[in-house]
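Listed below are the residues making up each chain.
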Amino acid sequence: MSVEVHGPIQYSHVVGRLTQLADGFNNPVDVAIGQEGRLYVLSRTNMNHAPLNFLRVTVVTLGEEFIEQYLRYGMDDGGIVWPTSIATDTDEHFYVSDEHRHDVQAFDRRGNFLARIGGPGSAPGQFDRPAGVAVHPDGTLLVTDSMNHRVQRFSRIGEHLGVIGEAGTGPGQFTMPWGIGVDRAGHIYVVDWGNDRVQKLDADGRHLQTFGSPGRGEGQLHRPSGVGVDSQGAVYVSDYGNDRVQVFAPDGSPLATILGDATPSQWGLDAILVDQEAVEIREKHADDVMAQERVFEGPMGIEVDDQDRILIVDCCKHRVQVYQRR
């Protein structure tokens, strides 16, 4: 599948597969881009069916080179319980939000704990189920405080700097905001989950524009979860409840719908090829298998790198689908 957004966006490849440890993911929810092609993929796991030690951050490259994995289950400093989002800064420190712990934790690039930001509550600097995390070009940390229906801003060392928004359905108001992103100009994009839209704000938090409306048609959203913006201002939204990604022009008009184009990852092929029975079954039912495998199931986090590669976290299929803006 190829879509047109001021030029072609083409499917490239898949990174990852379902594994409990090392070379793969377990219900990934977000991805952050580090230096030298490193990706930090946050696995949340299905906690009803998976041991808690499957929670992790896996560091890989776009070419599926496994580098390292970090973090563990726990309520102490450096532990995670119900992680929701990950972001990196210019020093490649990474930040993980946790809606069970009601905090954001900072780690260095080797996974060593640096700081805890927030804690349960509704006062400034506290969280009730924090969700999305983004690092603004000015170096500040932005966090969607989902059940407090606001965005909070912090310094990278955890100093509280301000609150953006309040509960509601009007411009600049939120209902359970989820993902958050920033563009190269410093505009802020908030995924307003409960209102089925994305709001664009200026760097100071003033409302500029709204993308999407409730529904399942073109340009509509149902429980969106993630957002990314490319170098030409096209906005990519993970339309989680509709199992698709919607692309909007800078003026807010719908440009394209991406349903998924996945092919097996190299890790996936390596695992299949050691099981001859699996190979035979796959070959016999190739058309049906690929028709089911290629599409998104619960797309969540989205990141766009400096080469306009669009990384879409395909949560329920345990992978990242990669597209390239030409």
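Structure: above.
Residues numbered from 1 in each chain as written. Predicted model: local features only at pLDDT ≥ 70, side-chain atom pairs only at ≥ 80, totals over all residues. Heavy atoms only, no water.

**Q** Tell me what's going on with the overall build of the protein, and back it up with residues and numbers.
**A** Looking only at helices and strands, the protein has three helices and 29 strands in total. When burial is assessed residue by residue, the protein has 56% of its 326 residues classed as buried. Accessible surface for the protein amounts to roughly 13,200 Å². Of this, 49% is attributable to carbon and sulfur atoms. (Helix = DSSP H or I, 4+ residues; strand = E, 2+ residues; numbered from the N terminus. Buried < 20%, exposed > 50% of the residue type's maximum accessible area, 1.4 Å probe, protein only. Areas by Shrake-Rupley, 256 points an atom, 1.4 Å probe, with all protein chains shown as cover.)

**Q** Lay out the sheet that holds strand β15 (residues 150-154) with the relevant residues and their values.
**A** Pairing in this open sheet of four strands is antiparallel, and the strands run β13-β14-β15-β16 from one edge to the other. The outermost strands of the open sheet, each flanked by one partner alone, are β13 (130-135) and β16 (160-164). For this sheet, the mean angle separating the axes of adjacent strands, direction not counted, is 20°. (Pairing = 2+ DSSP bridges. Axes fitted to C-alpha atoms, helices over the stretch in contact; angles between N-to-C directions.)

**Q** Can you explain unusual backbone geometry? Please cite residues and give values.
**A** With a phi close to 50°, Asn27 is a non-glycine residue in the positive phi region. Among the structural elements, Asn27 can be located in the loop between β2 (8-15) and β3 (28-33). Phi is positive for Arg223, which is not a glycine, with a value near 55°. Examined against the element boundaries, Arg223 turns out to sit in the loop between β22 (207-211) and β23 (226-229). For Arg223, a relative accessible area of 26% corresponds to the partly exposed category.

**Q** Account for the nonpolar core, naming residues and giving values.
**A** Formed by 18 residues in total, the largest nonpolar core has its most connected members in Tyr40, Val57, Leu71, Ile86, Phe94 and Val96. At the level of elements, β3, β4 (38-43), β5 (56-61) and β10 (94-98) are the ones that each hand at least two residues to this core. In this view, Val96 contacts Leu42, Leu71, Ile80, Pro83, Ser85, Ile86, Asp103, Val104, Gln105 and Phe107; residues no more than four positions away in its chain are not counted. Of all hydrophobic cores here, the second largest spans 16 residues; its members include Ile9, Ile258, Ala262 and Ile310. (Core = buried A, V, L, I, M, F, W, Y, C linked by side-chain atoms within 4.5 Å. Contact = heavy atoms within 4.5 Å.)

**Q** Describe the sheet that holds strand β25 (residues 244-248), and please don't skip the residues or the numbers.
**A** Pairing within the open sheet is antiparallel, and its four strands lie in the order β23-β24-β25-β26. Edge positions in the open sheet fall to β23 and β26 (254-258), since each of these has one partner strand only. Strand-to-strand twist across the sheet, computed as the mean angle between neighbouring axes with direction ignored, equals 20°.

**Q** Hey, could you go over the pairing of β5 for me, with residue numbers and the actual values?
**A** Summarising burial for β5: six of the six residues are buried, a large majority. Because side chains alternate across β5, one face comprises the buried residues Arg56, Thr58 and Val60, and the other comprises Val57, Val59 and Thr61, equally buried. Summarising the sheet, β5 and strand β6 (residues 66-70) pair through four bridges and their orientation is antiparallel. Within β6, the position partnered with Val57 by the bridge is Tyr70.

**Q** Please provide a residue-by-residue account of the side chain of Asp108, values included.
**A** The residue Asp108 is located in the loop between β11 (103-107) and β12 (113-118) in this model. Within the local environment of Asp108, its side chain forms a polar contact with the backbone nitrogen of Asn112, the two atoms lying 2.9 Å apart. Asp108 has contacts with Glu92, His93, Phe94 and Leu114, leaving out every residue within four places of it along the chain. (Polar contact = N/O pair within 3.5 Å; in protein donor to acceptor, adjacent residues only side chain to side chain.)

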